[in-house]
Amino acid sequence: MELEEMQIVWSQMSAQLEHQKKLTNKLIMEMIQQRFKAKIGIISKYEGMGAIVCFSAAILLLFQMEKLDTWYLMAAGLFTLLYLIVVPILALLSVSAMRRINLTRNSYRDTVADYVKKQKHFLLTQRVAIYFNFILLLVSLPVVFKVFKNEDLFVSNIQLMYWYIPVMTVFLILFSRWGYGKYKSVTTSASRILEELEAPGA
């Protein structure tokens with residue numbers, strides 16, 4: 001009888017330990033999920049602020065399009081308008097894809113593979129945006145001049161382009177390298193957080 005009682009007690013203790021282990025693993029997973037989302041949230045915050053600026057500028061430009069009275073100004077205006085709308089949306093979608101990764105739904109290997117895929121897509125989006133920034137650099141200044149000063153830059157002040165383009169190109173290169181480096185650092189840091197999933201046996 002005592003042996004049976006000991007077996008029952010041992011069985012109950014084993015069940016309690018197993019339950020405790022599951023609760024501990026769940027808490028660890030939740031903490032890792034929160035840290036992961038907080039890390040990606042840094043990118044989301046900056047992209048969100050950038051999107052607000054771009055969308056505000058797009059709305060302003062949209063109501064001033066009639067001022068672009070030549071074909072080249074209209075073409076530049078349309079490119080600028082599309083850039084201000086499309087590029088932020090693509091960036092926000094790629095960030096959102098990373099934030100939606102659920103660490104508890106899949107295995108460790110599948111979760112990491114999913115994140116690596118979405119991380120590469122996000123960084124690719126950023127690189128493409130950088131290349132388009134250089135085009136925007138060239139086409140947006142005539143649009144700004146026409147909208148705010150009602151001057152055709154190619155007719156009235158073309159010499160401005162001679163110093164504006166080199167100065168802004170240098171600034172854009174430095175800023176783009178800095179910003180891309182920061183994003184790459186944050187996404188790599190988020191990847192290291194995911195590596196902690198392997199410890200609790202996820």
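Residues numbered from 1 in each chain as written. Predicted model: local features only at pLDDT ≥ 70, side-chain atom pairs only at ≥ 80, totals over all residues. Heavy atoms only, no water.

Q: In this structure, what is going on with the packing of aromatic side chains? I would like to understand it.
A: Here the distance between the centres and the angle between the planes together describe a pair of aromatic rings. Scanning all chains against the criterion turns up six aromatic pairs. Look at phenylalanine 171 and phenylalanine 175: their rings are 5.9 Å apart centre to centre, the planes differ by 15°, and that puts the pair in the stacked class. Of the two residues, phenylalanine 171 and phenylalanine 175 both sit in helix H5 (residues 160-195), four residues apart, roughly one turn of that helix. Classification of phenylalanine 171 as partly exposed rests on a relative accessible area of 48%. Summarising the aromatic geometry, the rings of phenylalanine 175 and tryptophan 178 are spaced 5.9 Å apart at their centres and angled 40° between planes, so their arrangement reads as tilted. Residue phenylalanine 175 and its partner tryptophan 178 are located together in helix H5, separated by three residues, close to a single helical turn. For phenylalanine 175, a relative accessible area of 46% puts it in the partly exposed group. An aromatic cluster of three or more residues is present, and its members are Phe171, Phe175 and Trp178. Its guanidinium or amino end placed over the ring of tyrosine 46, lysine 45 lies 5.2 Å from that ring's centre, counting from NZ or CZ. (Phe/Tyr/Trp six-rings, centres within 6.5 Å; stacked < 30°, edge-to-face > 60°. Helix = DSSP H or I, 4+ residues; strand = E, 2+ residues; numbered from the N terminus. Buried < 20%, exposed > 50% of the residue type's maximum accessible area, 1.4 Å probe, protein only. Lys NZ or Arg CZ within 6 Å of the ring centre and 35° of its normal.)

Q: Please explain the confidence of the model for the protein as it appears in this structure.
A: Close reading of the predicted structure is inappropriate where its pLDDT is low. Mean pLDDT over the protein: 83, with 84% of residues reaching 70 or higher. The least confident element of the protein, judged by mean pLDDT, is helix H4 (residues 153-156) at 75; the most confident is helix H2 (residues 71-99) at 93. (pLDDT = per-residue confidence, 0-100.)

Q: Looking at this structure, how should I read the packing of helix H3 (residues 108-149) against H5?
A: Geometry of a packed helix pair, given as the angle between the helix axes and the separation of the axes. H5 packs onto H3 with a crossing angle of 170° between their chain directions and a minimal axis gap of 11 Å. It follows from the interaxial angle that H3 and H5 lie roughly antiparallel. Of the two elements, H3 crosses H5, and the hand of that crossing is right-handed. Classifying every residue of the contact of H3 with H5 gives 22 nonpolar, 10 polar and three charged. (Axes fitted to C-alpha atoms, helices over the stretch in contact; angles between N-to-C directions. Parallel < 35°, antiparallel > 145°, perpendicular 65-115°, else oblique. Left-handed = near helix turned anticlockwise from the far one by under 90°. Nonpolar A, V, L, I, M, F, W, Y, C, P; charged D, E, K, R; others polar.)

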